[in-house]
Amino acid sequence: MKVIICKDYEEMSKKAAETIIAVVKKNPSAVLGLATGSTPIGTYSEMIRDHKENGTSYKGVKTVNLDEYVGLDINSDQSYVYFMRHNLFYGLDIDLANTHIENGKAEDKEAECRKYDELLKTLVQDVQVLGIGSNGHIAFNEPFTPFDSTTHVVDLTENTIKDNSRLFKSIDEVPRQAFTMGLKNIMDAKKILILANGKNKAKAVYGLVKGEVTTEVPASILQKHPDCTLICDEEAAALIK
Ligand code: GLP
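Residues numbered from 1 in each chain as written. Predicted model: local features only at pLDDT ≥ 70, side-chain atom pairs only at ≥ 80, totals over all residues. Heavy atoms only, no water.

Caption draft 1: Looking closely at the sheet that holds strand 6 (residues 127-130). The sheet built from seven strands is open, its strands ordered 1-10-9-6-2-3-5 with parallel pairing. Every interior strand has two partners, whereas the edge strands, strand 1 (2-6) and strand 5 (99-100), have only one. Where strand 6 meets strand 9 (residues 192-196), three bridges bridge the pair, whose relative direction is parallel. Within the sheet, the bridge partner assigned to Leu130 lies in strand 9 and is Ile194. (Pairing = 2+ DSSP bridges. Helix = DSSP H or I, 4+ residues; strand = E, 2+ residues; numbered from the N terminus.)

Caption draft 2: Structural context of the packing of aromatic side chains. In the structure shown here, the tally under the stated rule is four aromatic pairs. Ring geometry for Tyr69 against Tyr80: centres 4.8 Å apart, planes inclined by 45°, an arrangement best described as tilted. Of this pair, Tyr69 sits in strand 4 (residues 67-69) while Tyr80 sits in helix 3 (residues 80-87), and the two are 11 residues apart along the sequence. Residue Tyr69 is classed as buried on the basis of its relative accessible area of 1%. Classification of Tyr80 as buried rests on a relative accessible area of 11%. Seen from their ring centres, Tyr69 and Phe168 are 5.7 Å apart, and the 80° between their planes marks the pair as edge-to-face. Of this pair, Tyr69 sits in strand 4 while Phe168 sits in the loop between helix 5 (158-164) and strand 8 (177-180); the two residues are 99 residues apart in sequence, bridging distant segments of the chain. Overall, Phe168 belongs to the buried group, its relative accessible area being 9%. Among the aromatic residues, those joined into a cluster by ring pairs are Tyr69, Tyr80, Phe140 and Phe168. (Phe/Tyr/Trp six-rings, centres within 6.5 Å; stacked < 30°, edge-to-face > 60°. Buried < 20%, exposed > 50% of the residue type's maximum accessible area, 1.4 Å probe, protein only.)

Caption draft 3: Representation of the site of the ligand. Near the ligand you find 13 residues, and of these Ser38, Thr39, Asp67, Arg166 and Lys201 are the closest. Contact between the ligand and Asp67: a nitrogen atom at 2.8 Å from a side-chain N or O atom of the residue. With the chains in place, 94% of the 390 Å² that the ligand exposes on its own is no longer accessible. When grouped by side-chain class, the residues that make up the shell around the ligand number four nonpolar, six polar and three charged. (Near = heavy atom within 4 Å. Polar contact = N/O pair within 3.5 Å; in protein donor to acceptor, adjacent residues only side chain to side chain. Areas by Shrake-Rupley, 256 points an atom, 1.4 Å probe, with all protein chains shown as cover. Nonpolar A, V, L, I, M, F, W, Y, C, P; charged D, E, K, R; others polar.)

Caption draft 4: Local environment of the packing of helix 2 (residues 41-54) against helix 3. It is the contact of helix 2 with helix 3, at a shortest axis distance of 10 Å, that shows an interaxial angle of 40°. Judged by the angle between their axes, helix 2 and helix 3 are oblique. Where helix 2 abuts helix 3, its residues Ile41, Tyr44 and Ile48 lie against Phe83, Met84 and Asn87. The residue makeup of the contact of helix 2 with helix 3, split by class, is five nonpolar, one polar and no charged. (Axes fitted to C-alpha atoms, helices over the stretch in contact; angles between N-to-C directions. Parallel < 35°, antiparallel > 145°, perpendicular 65-115°, else oblique. Contact = heavy atoms within 4.5 Å.)

Caption draft 5: Molecular detail of the sheet that holds strand 4. Taken in spatial order, the three strands of this open sheet run 4-8-7, and their pairing is antiparallel. Strand pairing shows two members of the sheet lacking a second neighbour, strand 4 and strand 7 (152-155), which therefore form its edges. Taking each pair of neighbouring strands and ignoring which way they run, the sheet shows an average axis angle of 25°. Pairing of strand 7 with strand 8, which is carried by four bridges, proceeds in the antiparallel orientation. In the sheet register, His152 faces strand 8, and the bridge partner there is Thr180. Against the sheet, helix 4 (residues 109-122) touches strand 7 and strand 8, its axis set at about 25° to strand 8.

Caption draft 6: Highlighting helix 3. Where helix 3 is concerned, the buried positions are Tyr80, Val81, Phe83 and Met84. Buried residues of helix 3 fall within an arc of 160° about the axis and therefore sit on the same side. Of the surrounding secondary structure, the elements contacted by the buried residues of helix 3 are strand 2 (31-34), helix 2, strand 3 (62-65), strand 4 and helix 5. (Arc of directions from axis to C-beta.)

Caption draft 7: Unusual backbone geometry, seen in detail. Positive phi values are uncommon outside glycine, yet Ala139 reaches one of about 50°. Residue position: Ala139 is located in the loop between strand 6 and strand 7. When its relative accessible area of 10% is taken as the criterion, Ala139 is described as buried. Here Phe144, not a glycine, exhibits a phi torsion of approximately 80°, which is positive. For Phe144, a relative accessible area of 57% gives the class exposed.

Here it is in structure tokens:
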């Protein structure tokens, strides 16, 4: 795994955006695998700034997102589809019809998972952006998720519900379940870019880079990916230096 340690969040975001923009410039019909959470917001802002200033076009780009809360859709400002539109897509010239995410409102959840897996077979990520949870989860693949998992519905751990509650009015509003790409779907990406900032990620980053490859730390599987880069700030890198 390649590791790039940046002085702060801003530098991390710029470096990450540069990598994604380079993929799009090389292949204007690239497939971008995207993530939600606070971590990539600065990266997405940089992509929007570059689009407006330098004209990088996303007209032919397709996107697949990692995960979505069960029960939420575009009408909920806590849904990941809302997040993606407001933090990235509305700032680019991307066709929303080319942006994909699991349908949080799907009645038949199992059928939705199989449908998303089929979609991922046709849209292989040229680059997959990831954040990391403080317990080492990626997307919503919580500890002990099998490495060969595909799209599935998860019961979120108390740890993740607590971490993510800061984005909701109260902890009771955080959905208890989510759809998520599995670890195999993530490992199938051609290139992976995992981002981490802040000291509460230092332990997870240690597990990601230097720990044993174990399902206890889902991100540790990325050590086996042939083209994975971690871009993080000094605080998140505290235990790997
Ligand atoms: C959620 C998302 C993950 C994200 C993680 C960390 O659980 N499903 O994709 O990486 O949170 O979020 P943040 O970037 O806000 O720390």
